[in-house]
Every structure is written in C-alpha cells, then in structure tokens.
Amino acid sequence: MSEHTKQTPLHSWHVQQGANMAPFGGYSMPLWYSSAKNEHLAVLTRAGLFDTSHMAVVLAGGPKARDLLQHTFSRDLQACLGKGQTPLHPGRMVYGVFLTPKGHVLDDAIITQLEEELYMVVVNAGMGPAIVAHLHDHAPSGGVEIFDLTDQVGKIDLQGPRAARIMARLLQDPDQVLASLPYFSCQGHIQDEKTDVLLADKTPLLLSRSGYTGEFGFEIFVRSQDLVRTWNALLEAGRDFELIPCGLAARDSLRAGAVLPLSHQDIGDWPFMNTPWDFALPWSADGRELNKDFIGAQALRSLQNPPQTAAFVGRDLRKVSAGDTSRVLGSGDESMGQVLTCVTDVGIGWHEGRIYSVASPDAPADFRPKGLCCGFVRVSSPVKPGETLRIQDKRRTLEVTVVRDIRPDRTARKPLAVMLGS
C-alpha cells in the first residue's frame, strides 16, 4: 500500500472486520468482507451498507452559481426533472457530466440543489480538486463561491429493498422525513446547522434517495466525526433485516448490472456521445440536436460517426479481462473495439430466452440464477440490441448479446411507501 494512499474514517473498522482491502481512487477501500457474491445478493434481496466517503463533495454558491453550472455541466438545469422536464429546484438532484472543450469526460457527477443559490456537486474519488479548478477556470468574476469539502464529509450508502425500514428505525422523525422523498430527491442539508433532519441520537444529516446499485436505497451524508457512530447505528438498526457491510466489488457488479457507468473506465478521455447514457445530454424534443450550449457541446455537435458504447450480457458467469488487452470481434475475426467493463451479476440468469433476477416477482419457482457476465464495450461499427458479439482476452473468447438493459426488476425507482411496507 502506498504511503500516499488515503483512508476514510471507517478504515480501522474495515480492517478489524477482516475486509479484503485494496487501493481505489487514491483511498484504501474494502473490496469485500464475506464474499462479493454474498454482498451482491444481499443488496438484491435484503440490504447492504457501503462506505462511500472516498467520494468528493464540492459546494457552489452565490447568485451566479446556477449560471456557472449551466455553462459547465451537461444537463439543462432549467429542464431536467421528470417527463415534464421542469427546472431543478431545492431538494432535487440530477445526474450528468463535466466535459472538456473536446467533448471528453472530465468526470460524471450528481448535482443537488440545496438552496436557491447553493448546489452540492458529488464527484468521484480524487476528483474534487480537478472539478474545483475546472469551475474556477470558467467562473464569472464575482457572484460565485466554490468550496472543496473533500475528506470533510462522511458518506454511507444504504441499499436494498429493506433500506426504508432500516432508515425509519434511526430517524428522529421518520414519518415527516420519509413522507415525501421521491427518487433523486433529498431531505436535510449538507451544513449541519441548516439541516432539519436528525437521527434519533441528534446526529445531523442529509438524506438522499439515490445510490449506485440500481436498487432502492439512500445516500447518507454526515460530518466526518459522526461517520463511525452512524455506520454502527445503521448496522445495529439493520440487524433484524439481515443488513451486512459491502465492499466495492459488489458495488461494481451491481452498478454494471444496472447499466451505470464507471467514470474513467466506461466514460473518459474520449467524446461523450453514442452511449447508453446519452440521456445526460440536453437533447431537443425530437432527439436530433443539443439544445443547450455548454463546455464540450460544440465538439459533440461536430462529431461524424462516433464510436459506440453498448451494454452486453453473456451466456453464463464466465468473463474476460477488460481494458487494452481485450478485443471485441464481429461476424468475422476482425477487431472492432475493446471491452470497457466485464463483471458477473450473480443475481441474474437466462430462463427460456429471458433474463430473470433473483428478485423478479414473476421468476419461475425453481429459478436459481448462477449469474451472467455483463458490462460495456466500445466499438467502431454500429451494433444493435439482439446482435451477437464475441469478446476476447488472452484466456478465452465468449459470445455475448448486445442489450438495452441488463438486470430486470430493479427497485431504485419504486415508491418509498411501497418499500416501507415490503
């Protein structure tokens, strides 16, 4: 382990529990405790707890903060919520990307509007300083203040179908806090003196209906000094619901099965276009043009036949190594691209030509998934859902199918009232 590797406040707890630790994003993080398979399945069927304090938090405030984010962020904050494409407002959040002038991804982010003139920007581990510098470079003179809260905020993800009932046990006023908390909304505030959301022990927090697993859950933001106590309180409250701690291996396989990208791997230093995540761009109603000017937009508009990023699913749980040594093969043996992500979602399997999840309500009674490899490829020639490709590394070649979606019956968007009663 490098002497420059950072640690979250929960590092000692992870080590004491025998977690398999590894460097990630400049931090020493747990990969798994019991096993990645057990932790993945726990999130699909019960609940899992993730230390995500390695993520970076940036605040942008002031009368010109929204204008700055409109100029630097891919989403149109004036038209980004729901089917009606209404403006972002306090208590709501939106996913998008920060691009370079070449249209390449600097990082992806979730922006939460906390107040009329205050926004929280959550980016990936180690990216706080880069995003702060990017915002400073493009900020108007006066009217914006930017604060890097890297390593000053504790963050925990509580994910899984039992998350709502666990959270209700810990909140000081669960009926009020959970009464209206739709997907991609939040209650409370990142600044403890401004929050009206408290745990039963009076710990202040920001509670967000979001996550990186595709399943129902919350992201919980607390002061760094409150992180260990809050983590232990969650595990105690979740004991009756079979809550277990989870590492980054399960987080990776869960997010891939949910068709969520890993920044700097599935999206990165190449044009952000022709991907499963094109919804993060501000398209016109007919889907033919970008209707907002922002950094990188002009470069994207000028692209001709950009490479395509597509999701795939395999025939069984076998996988290949992703990266530069991988290849994607078309109908012949010609190489047409590379594998960006290849993991095994252990909660899914084929049955009579259809993919079911271990949590699918209509799965056959005898359905016992062994898992399927899945992930993303980047290819030079267009591919369509249903098309067969071959992915290859130095060990093996596998047949996979291009798909629009991977793990069915995900719970992330289910109404909170339903999950409280489940």
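Keep in mind the model is a prediction, meaning the values are calculated, not measured. (Residues numbered from 1 in each chain as written. Predicted model: local features only at pLDDT ≥ 70, side-chain atom pairs only at ≥ 80, totals over all residues. Heavy atoms only, no water.)

Thoughts on the packing of helix 3 (residues 65-72) against helix 4 (residues 128-138)
Okay, so step 1: The N-to-C vectors of helix 3 and helix 4 enclose an angle of 105°; their axes lie 10 Å apart at closest approach. With respect to each other, helix 3 and helix 4 are oriented roughly perpendicular. Along its contact with helix 3, which presents Leu68, Leu69, His71 and Thr72, the element helix 4 presents His134, Leu135 and His138.
Okay, so step 2: For the contact of helix 3 with helix 4, a count of residues per class yields three nonpolar, four polar and no charged. (Axes fitted to C-alpha atoms, helices over the stretch in contact; angles between N-to-C directions. Helix = DSSP H or I, 4+ residues; strand = E, 2+ residues; numbered from the N terminus. Parallel < 35°, antiparallel > 145°, perpendicular 65-115°, else oblique. Contact = heavy atoms within 4.5 Å. Nonpolar A, V, L, I, M, F, W, Y, C, P; charged D, E, K, R; others polar.)

Side note on the pattern of salt bridges
Okay, so step 1: Under the defined criterion, the tally for this structure stands at 23 salt bridges.
Okay, so step 2: The partner of Arg229 in a salt bridge is Asp226, and the shortest N-O contact between them spans 2.8 Å.
Okay, so step 3: One salt-bridge network, in which partners are shared between bridges, spans Asp192, Asp201, Arg223, Asp226 and Arg229. (Salt bridge = Lys/Arg side-chain N within 4 Å of Asp/Glu carboxyl O.)

A look at the environment of Asn38
Okay, so step 1: Within the fold, Asn38 resides in helix 2 (residues 36-45).
Okay, so step 2: Residue Asn38 is classed as partly exposed on the basis of its relative accessible area of 39%.
Okay, so step 3: Between the C-alpha atoms of Asn38 and Arg251, which are 213 residues apart in sequence, the distance is 12 Å. (Buried < 20%, exposed > 50% of the residue type's maximum accessible area, 1.4 Å probe, protein only.)

Some remarks on the sheet that holds strand 22 (residues 397-403)
The pairing of strands in a sheet happens through backbone hydrogen bonds and is either parallel or antiparallel.
Okay, so step 1: Around the barrel, which closes on itself, the six strands sit in the order 15-20-17-16-21-22 with antiparallel pairing between neighbours. Between one strand axis and the next, the sheet turns by 45° as a mean value, whatever way the strands run.
Okay, so step 2: Here strand 15 (residues 308-314) pairs with strand 20 (residues 372-379) via six bridges, running antiparallel. Across the sheet, Gln308 pairs through a bridge with Val379, a residue of strand 20. (Pairing = 2+ DSSP bridges.)

Considerations on the sheet that holds strand 5 (residues 56-61)
Okay, so step 1: Reading across the sheet, the five strands line up as 6-7-8-5-9 and stay open at both edges, with antiparallel pairing between neighbours. Strands with a single pairing partner mark the edges of an open sheet, and in this sheet they are strand 6 (93-99) and strand 9 (145-148). Each strand axis lies, on average, 25° off the axis of its neighbour in the sheet, ignoring direction.
Okay, so step 2: For strand 6 and strand 7 (residues 105-115), the ladder comprises seven bridges, and the chain directions are antiparallel. Within the sheet, the bridge partner assigned to Tyr95 lies in strand 7 and is Ile110.
Okay, so step 3: Helix 3 contacts strand 5, strand 6, strand 7, strand 8 (118-123) and strand 9 of the sheet and is inclined by roughly 35° relative to strand 8.
Okay, so step 4: Strands strand 5, strand 6, strand 7, strand 8 and strand 9 of the sheet are contacted by helix 4, whose axis makes an angle of about 170° with strand 9.

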